[in-house]
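What follows is each chain in one-letter form.
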Amino acid sequence: MAPVVKLMLAEHVSATENYDISYQNMAPISFGKFLGAYSFNDTHYKIFEASYWKGVHRSDLIPVNSYEHVTTENYEYISRVAALYDSSLPQEIDYPVYNITGNSTTAIVTVSDARSVYVKYWAYFKVEYTFIFDKENSGYVVFMKDQRDIKRPVPLNRFN
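Residues numbered from 1 in each chain as written. Predicted model: local features only at pLDDT ≥ 70, side-chain atom pairs only at ≥ 80, totals over all residues. Heavy atoms only, no water.

Some thoughts on the environment of S66
Take S66: it is sitting in strand β5 (residues 65-67). Separated by 32 residues in sequence, S66 and Y98 have C-alpha atoms that sit 6.1 Å apart. Not counting chain neighbours up to four residues away, the residues in contact with S66 comprise Y98, N99 and I100. (Helix = DSSP H or I, 4+ residues; strand = E, 2+ residues; numbered from the N terminus. Contact = heavy atoms within 4.5 Å.)

Focus on the nonpolar core
Of all hydrophobic cores here, the largest spans 34 residues; its most connected members are I47, Y98, Y129, F131, F133 and F159. Residue assignment for this core shows that the elements contributing at least two residues are β2 (33-39), β3 (44-51), α2 (72-86), β6 (96-102), β7 (106-113), β8 (128-134) and β9 (140-145). Looking at this core element by element, the count peaks at 6 residues for α2. In terms of nonpolar packing, the next biggest core, distinct from the first, is built from 9 residues, V13, I21, F34 and F48 among them. (Core = buried A, V, L, I, M, F, W, Y, C linked by side-chain atoms within 4.5 Å. Buried < 20%, exposed > 50% of the residue type's maximum accessible area, 1.4 Å probe, protein only.)

Quick word on the side chain of D146
Looking at where D146 falls in the secondary structure, it is placed in the loop between β9 and β10 (152-154). Using a relative accessible area of 8% as the deciding quantity, one classes D146 as buried. Here R152 takes part through its side chain, which lies 3.2 Å from a polar atom of the side chain of D146. When near neighbours in sequence (up to four residues on either side) are disregarded, D146 contacts K126, V127 and R152. (Polar contact = N/O pair within 3.5 Å; in protein donor to acceptor, adjacent residues only side chain to side chain.)

Considering the packing of aromatic side chains
A complete count under the given rule lists 11 aromatic pairs for this structure. Aromatic side chains Y38 and F48 sit 6.4 Å apart centroid to centroid with 55 degrees between the ring planes, which places their arrangement in the tilted category. Taken together, the residues span a long stretch of sequence, with Y38 in strand β2 and F48 in strand β3 at a distance of 10 residues. Here Y38 falls in the buried class, since its relative accessible area comes to 3%. The class of F48 is buried, set by a relative accessible area of 0%. (Phe/Tyr/Trp six-rings, centres within 6.5 Å; stacked < 30°, edge-to-face > 60°.)

Observations regarding α2
Each turn of an α-helix holds 3.6 residues, which means side chains three or four residues apart point in the same direction. Look at α2: 21 Å from first C-alpha to last across 15 residues, which is about the 21 Å you get at 1.5 Å a residue. Taken residue by residue, α2 has N74, Y77, I78, V81, A82, L84 and Y85 as its buried positions. Axial view of α2: buried residues confined to an arc of 165 degrees, hence all on one face. Relative to its buried face, α2 has exposed residues pointing more than 90 degrees away, namely T72 and D86. (Expected span 1.5 Å × (residues − 1). Arc of directions from axis to C-beta.)

A short note on the pairing of β7
Within β7, 6 of the 8 residues are buried, leaving the element largely enclosed by the surrounding structure. Relative to β7, β6 runs antiparallel, the two sharing 7 bridges. Note on β7: the bridge partner recorded for N99 is T110. Hairpin connection from β6 to β7: 3 residues lie between these consecutive antiparallel strands. Pairing of β7 with β8, which is carried by 7 bridges, proceeds in the antiparallel orientation. From the neighbouring strand, A107 faces β8, where its bridge partner is F133. (Pairing = 2+ DSSP bridges.)

Considerations on the environment of T43
Mapping T43 onto the fold places it in the loop between β2 and β3. Remark: the alpha-carbon pair of T43 and L61, spanning 18 residues in sequence, is separated by 9.4 Å. What T43 contacts, discounting residues up to four positions off in sequence, is I62, P63 and V64.

So, unusual backbone geometry
A positive phi angle, near 55 degrees, is found at N18, a position not held by glycine. With respect to the helices and strands, the residue N18 is situated in the loop between α1 (2-17) and β1 (26-30). Phi at S138 takes a positive value of approximately 65 degrees, unusual for a residue other than glycine. Here S138 lies in the loop between β8 and β9.

Just geometry here; none of it tells us what the structure is for.
Rendered as structure tokens:
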């Protein structure tokens, strides 16, 4: 019975949001509550909680890119990380959000899932990759942090 009701909820949310929300894009949070996401536009994802009883009852727009100063260099590093991440396996992050910081010698790009802001204790959405680029020699290192909250190095051959 639950899959049929979830399908009906997905159809209801699709009509409410005016966007085709698939059954697979709604992950269960607790009994009768689901977390969903979709690409709202080129710059934002829409993340929402929906339940059998209320439909969509919590939602936010999450920016795809986050940075202090908009520069061509920021876009270049974000594009490079997006290409590196898209070429890797496994693809653990379904709705990637890129945050860039740094200084004159390094650029640090963090990739996380947009849904992570909605789930505090759920391990699946807590994967985060940190790419640290050396601006002087174009080299980089990658670190991964998951639900254990321990940052550990990732072999570079994973991101070629």
